[in-house]
Structures are given as C-alpha cells and as structure tokens.
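Next come the chains, spelled out residue by residue.
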Protein chains: 2
Amino acid sequence: MIVDLICIGNELLTGLVNNTNAGYLARQLGSAGIAVRKCSVVADDVGAIKEAVTEALRRSDAAICTGGLGPTDDDLTREAISETLERPLQLHQGWLARLEAFFERRSYPMPPANRKQALLIEGSTILENPRGTAPGSIIEHEHKLLILLPGPPQELQPMFEEQVLPLLKARRQGQILLTKTLKCTGLGESLLEEKIKTLGQWKQPSLSLVAKGMEVLIQLKSYGEADRAEQLLEAAANKLRGALQGYLYGEDEQTLAGVVADLFVRRGLTLAVAESCSGGLLADTITGIPGSSRFFKGGAVTYSLDSKKLLPGLSEKLLQEHGAVSAATAEAMARGVRDLFQADAGIGITGIAGPDSDASGQPVGLVYVAASLGSSMEIQELNYTATRRAIKERAVQAALTMLWRRLSEG
Amino acid sequence: MIVDLICIGNELLTGLVNNTNAGYLARQLGSAGIAVRKCSVVADDVGAIKEAVTEALRRSDAAICTGGLGPTDDDLTREAISETLERPLQLHQGWLARLEAFFERRSYPMPPANRKQALLIEGSTILENPRGTAPGSIIEHEHKLLILLPGPPQELQPMFEEQVLPLLKARRQGQILLTKTLKCTGLGESLLEEKIKTLGQWKQPSLSLVAKGMEVLIQLKSYGEADRAEQLLEAAANKLRGALQGYLYGEDEQTLAGVVADLFVRRGLTLAVAESCSGGLLADTITGIPGSSRFFKGGAVTYSLDSKKLLPGLSEKLLQEHGAVSAATAEAMARGVRDLFQADAGIGITGIAGPDSDASGQPVGLVYVAASLGSSMEIQELNYTATRRAIKERAVQAALTMLWRRLSEG
C-alpha cells in the first residue's frame, strides 16, 4: 500500500510553523509497512489542494491530508475536496450537536463560523476528535482512500493511531514494505558499517545507515507478504542486536534519554548533573521524560567561573591549576554535584561551545564529560567543530551514552 | 517571482530525519518577496525527482532542489536533473582538483565514489561550498532557474544566503509579495486581534495571526512593485510597533531569549535561574544565545523536594507551609538563586508538568513563575492544560516575558 501525504496550510508553506505532522505520519506508516510516495506542502488554496489530491489519487492507494479543517475563512480543505471529488458537503447533525454542547459547556455561544466544521463530504465516515472541534473523516473514492485529519498534532496523533492506522493495516494487500530503525550510540558511522558488513549481505531486508549527531540509525526495510516480511525483519534485527551489543541502545520511537531513565528507575538509583557548556540541555533532556522525578534529583548549570565553586570540591586552586575546561574540572563537577544533591550518579560537563573561545584560548568544540557512578569514574574528551547547538547536543549525547553503558553492563 | 521547493531524500520521506531546510528556505524567500508555491518531499529516485522538477518548471519561475548531491549510490539528484533537462553531466576539473586537495589535506585517498560530486549539468554555474564536498549549482533552462543545493543545513544555509538569494532578488520583476513577521508575547490571540482591529482595515498589507505557545506572530504581506510593497510594509509595521508596545518584542528571525539577552548585556546586568518543573529548559534556552556567558551566571535545577533546600532562604518550614508548588516557593527560589549566584536578577519556576500530579494533588499545568530584579518582584500563576513539553515551554516563555517587560521599561 502506497500513500501520499498532503500537508495543507499557509503557515507551513511560509515556514512560520514547523511541519511536524509529515515526519510523524511517515514514521507511523513505515513501521506498519505502508510506504509514502511523496509528501506535498501546499497553501490554503482550493486550486493547490485540488491539484495535489488529484495527483495523489492517480498515483497512490490513499491520500492523507492534514490541516485546513478549522472554522476560519482560510480553512478550505473541505471545499477543495468536495470540488475535487465532485461530491457535495453535508451537514453532520451529530457533530453539530457536539459542537453546540462543546461551546455550551464553556458558557460561550458557538461562533457562526464553527458551524462549517460539521460539514462532511457526502459518504464520509467521521473520525472522532475528543480533543478539538474539527472531526477527521475518511472517504472512499473509486477504490482509493482519502483521509482528512486536523492539523494540531495533539488532535491528529491519537486520531491517527486509534482510528486510521488499524484501518489502513487491514487494507494492506500482497507485498508490503516494512521498516524498522535500530539506534546506536558511541560508534561512528564507518566503524559501524564495517561491523555490519562482517555479518554478511543485506539485500532482504535491505539496510541503510544515517548519522544523526553522535547517533547512527540503522534502517532495515523488508519487502514481501506481511508475515514473511515481518519474519525476515525480526531475524535481521536479532542478528544486529547480538552483534552490536554495547552500541545498540534502542529501536524505533525509543530515545537514549528514555532508555537511560528506565535503567535508573529499574535499578533504584538517582542522578544529579553539573553542566557548563551544555547549559541545562542535559537536565532539560532528562526532565523531558515523564516520571523522571523518580530518579533525577536535579542539576547545577555552572556557567560562570565563580559559580563552579558552588560545587563541593571545586576549589579556586583546582580551577587555576587545570583550567575551567579540563578533565580535572569535569571530574570534580561530577563528584561535586553528586555530593551536593546526594545522588548515586553524577555527570560533569565543561567545554567551549563557541562561537568564540574563552580567555584560555582552547579550541571551540573541546568538551570534557565525566560520569561518576558507584566507585567508577569515566572521563571523555570530545573534539567536535560544529555549531553551538550541535556541540551542546554532542556533549549531552556523550553523557547519556556513558550512563547507558555503565547502567546496562549489569 | 514564484518558486517550488523540492526536498530530495529517503531519510526525509520516511521521517528518519527532520526536514528543516524547507522552513528555512521558505522564511528566507518570503522576506525577500519571493513566494513558495509548493514544497514537495520526494525519494532518492530518478522518476520521482523528474516528475517534481518537471511540474515545478512548468508552474513556477524557479525550482530549488535540496539534497541528493552526496557521493553514494543513493544520491541521484544530478542524474535525475540531467535526464529531465536532457543535458549531459560534465566533469568540473576545478572541483575535482578541490576534492582531491580536500582529501589530501586529511591524508586520506579520495574514495572513487566522491568523483561524481564533481559532475555538473552542462551549462551550470557552480556554487562554492567551503564546508563540504558537494558544490551547489544554478542552471538556467528555458528562462527558468533550477538551483541545486546540498542537504546538510550548515552547508546549505550560507550557500543560499551568500550566493543564491542576491541572484534571486536581482531577478524579481514586477509585482512581488513581501512578508514580515512581528512577534508578540504576553497577550492572547483574541485580545491582540481586537487591539489590531481598532487600528483600521488590513487589506494591503494583509495581516494574519498565528498563535505559537504563549507568543502570537503577526504576519504582514505586502504585494506590489518592490519599492512600493516595501514602503507599505514598513508603514504598517510602524503602526503596529507603536500600538503594540509592551507586547511586540521582536521581528522576523529574532527570538525572545535573544532580545532579553541583548537587554541584559546592554544594561550590564546578570541573571541566575532556579527551575523545578521547567527542568533546565530556561537555562538551555538562554545559553543557546551566543555570548550568553556575558550575563548568565548559571542556574539550579531543583527537581527533588530536598534539592530546593540547597537555595538560600528556602527552608523546610516554607516548603511545608506553602508547598513546593506555590507562589511563596517560586518567590523564594528567585531570591535564593539570585543570592547564591550573586546575580542582579533571579527567576524561580515551580509547577506540575505532568503527565501526573504530585503528592499535593494540585492540577497538572499549574505553574508559578517569579522574577526578581533590583527591588522588584513579580509572580505569575499559570494554568495551562497541555503536554509536558508545552507546559515547560510556557513556563520558560512566561519567565522571559517578565524579564523582557521589566528590562525594556527603561
């Protein structure tokens, strides 16, 4: 099964709002064995929408349209699809009643403009939207499917997973293309490629590598009848899981921070972090994981030289002898923050994120990361010329990788 | 002038890598009065590229293609364009020499595959790429322009701004559509809309609002001859600048954190932040600004209850009387972190980011933000039901808004 994605919205086309729906839908579809042929971003314009939908229905089995289902004059997706399919819009009494009840609960009269959100293409199946005022809909047209989804991700995502994906999966026929992503950290792309080559040929499933910061993503694609494709994919993934131990941290939607968080919780250990050049990004990444308060005690962002001395054990003398950006300082930060927060593990990150160096004249991109856990201490020196953001991300990735290795060692 | 964007790459179409180039190019083009008709994301596939380029050259004045210029077998943009235009590929001796020198400097023999990066469509103008091995190129074809750019943003962005945009601007003719974005904070979309309506009709330039977290973006679009369009745009922007004082913090590529950073530096003041539910996002946002070490002393991420007591003035008694999520605690955090880091200003953020509440049973989304500067103290209570990430972002935005108001007051 092959689909086209059509993302509708002036704000997407002008770059005012980032288009996160396309990537989300592509990943969801891929892991269900449904391939995306093309993704088009078009304006809130009847002609543009019509053209994209016509092409999609000619070339693919289904078209998924996002956005343009709001109540304002700009929202033209309904009208454009009605014109394209030459099928009229009909008022859905049930949805109209829901809209009225929705506004009544808010003690606010329903604006007349919202009435058009209850208009559906004739013959549509409605998709419930408990989180918003725009329903989704599915239209069957000359053996093809047209699926309309509201633009806001918090409405689109549950609607897609609960009401659309099962239906698409059930319609898959014959050969499908299944994808799976294995995620590795702590080993460069070319070294990883060499390791993988020693395991044999990768034709079916096929294999490709994508470097992403300090991570390398391995994408497996398996083509065939659903059962067979799944079997081959799983066998290949197993081979890689065995061979890449110590590097392969997770799969598909898993993140390194999420995997590290699980390990901390499972082992009943706690963490504190001291950050200089990463400036809070490590703490932010960890606290992005729901439930992180179960293991994360807190952090210190010691951005100025003086503030580093707030950490126990980080003396004026040590800073003068070794410099703020040094292995010794990173080590003392990891130990110091661990003591200060009374945590089982501590991270220290110090470096030069640029764009300019500091008074020491050390190169931009030089970063020391130290991880203290139990009686062990590991220190890494990174040298990485890149943008400020990329240097921060690398430092965070290195810290999480050190924690992951140590905690998963058993 | 109207262009099509064509982003080429399997990794984009499968959602493995986020497509940041489309938004970047759209914003750059928009502020130069060049409209994007459509953006297509297609696979590394000769047929798919050919189809998108053919449509673009038929419908727009120019097509900008990104990606697919690497050395691997997957990289097929050159071949596809050559087929589409029926113009052969030619070896560019100068670029080949540069490639060889590039690898020689790294004491590494040039892989044979890289040779194809020196292939250009016959009649191309080469675009220099000091940051990578793939040159860009511009091809004039039947009075239309075809522009090929490498995919990595750190290579694409300077190449576009320095070598492509000036050329596109020079080719603009007749009527153009200029866009400008004014960025507001601290006032909701509907209240802002009311304020703007009192200023009169917005037909030319036209005006639209987009809410983005706690910000509202005002997009002005002005259509006409370049000079006239610019004049009208500037007059409209001026009217808004005057009427929206206290809310309008910046324009186009400016960020609230960047504007706040400038104010701190200009006034010679320093800042420290204490974060609970925002978990380091405020510190990360501030340290994302180059040169932030000139005013940012550091931060404390006091995620556990105990860790809050590391801040001077935050006693067991206060926490017990008022609770960890309270106006009193936020205030004490702002004061305490300011004292601890000896800064001129302090921020305290405490709240419940969810997905679950804490032992207190207070609702998810309840956040207190306190800002202490000089002898002033401001405390805000936020109530905002949303995802964990969105709650963190709102808290950070509220803190930056409070600092911005206070610092820009004079």
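Above this note sits the structure.
A brief report on the enclosed structure follows. (Residues numbered from 1 in each chain as written. Chains lettered and ligands numbered in written order. Predicted model: local features only at pLDDT ≥ 70, side-chain atom pairs only at ≥ 80, totals over all residues.)

Section: helix H3 (residues 46-59) of chain A
Residue and element names in this part refer to chain A.
Argument step 1. Taking 1.5 Å per residue, 14 residues should reach 20 Å; H3 reaches 20 Å between its end C-alpha atoms and fits that length.
Argument step 2. Taken residue by residue, H3 has Ala48, Ile49, Ala52, Val53, Ala56 and Leu57 as its buried positions. Axial view of H3: buried residues confined to an arc of 155°, hence all on one face. In H3, those exposed residues whose orientation departs by more than 90 degrees from the buried face are Gly47 and Arg58. (Helix = DSSP H or I, 4+ residues; strand = E, 2+ residues; numbered from the N terminus. Expected span 1.5 Å × (residues − 1). Buried ≥ 20, exposed ≤ 12 C-beta atoms within 10 Å, placed from the backbone. Arc of directions from axis to C-beta.)

Some points on unusual backbone geometry
Argument step 1. Geometrically, the link from Gly354 of chain A to Pro355 of chain A is a cis peptide bond, its omega value of 5° lying close to zero.
Argument step 2. Tracing the sequence through the fold places Pro355 of chain A in the loop between strand S15 (345-351) and strand S16 (366-373).
Argument step 3. In this chain, Gln204 of chain B is followed by Pro205 of chain B through a cis amide linkage whose omega measures 0°.
Argument step 4. Tracing the chain through its elements places Pro205 of chain B in the loop between helix H7 (189-197) and strand S10 (206-212).
Argument step 5. Residue Asp252 of chain A is not a glycine yet carries a positive backbone phi of 50°.
Argument step 6. For Ser107 of chain B, which is not glycine, the phi torsion reads 50° and is therefore positive.
Argument step 7. Note on placement: Ser107 of chain B falls in the loop between helix H5 (93-105) and strand S5 (119-121).

Re the sheet that holds strand S1 (residues 2-8) of chain B
For sheets, the rule is that strands pair by backbone hydrogen bonds, running either parallel or antiparallel.
Argument step 1. Strand order in the open sheet formed by twelve strands is S6(A)-S7(A)-S8(A)-S3(A)-S1(A)-S2(A)-S2(B)-S1(B)-S3(B)-S8(B)-S7(B)-S6(B), with mixed pairing between adjacent strands. Two strands close off the open sheet at either side, each with one partner strand: strand S6 (125-127) of chain A together with strand S6 (125-127) of chain B. The sheet shows a mean angle of 15° between the axes of neighbouring strands, taken without regard to direction.
Argument step 2. Pairing of S6 of chain A with strand S7 (residues 136-141) of chain A involves three bridges; the strand directions are antiparallel. Looking across to S7 of chain A, one finds that Ile126 of chain A is bridged to Ser137 of chain A. (Pairing = 2+ DSSP bridges. Axes fitted to C-alpha atoms, helices over the stretch in contact; angles between N-to-C directions.)

Describing the nonpolar core
Argument step 1. One finds Ala399 of chain A together with Ala399 of chain B to be the most contacted residues of the largest nonpolar core, which totals 246 residues.
Argument step 2. In this structure, Ala399 of chain A is in contact with Leu282, Ile347, Ile349, Val369 and Ala371 of chain A, ignoring residues within four places of it in sequence. (Core = buried A, V, L, I, M, F, W, Y, C linked by C-beta atoms within 7 Å. Contact = placed C-beta atoms within 7 Å.)

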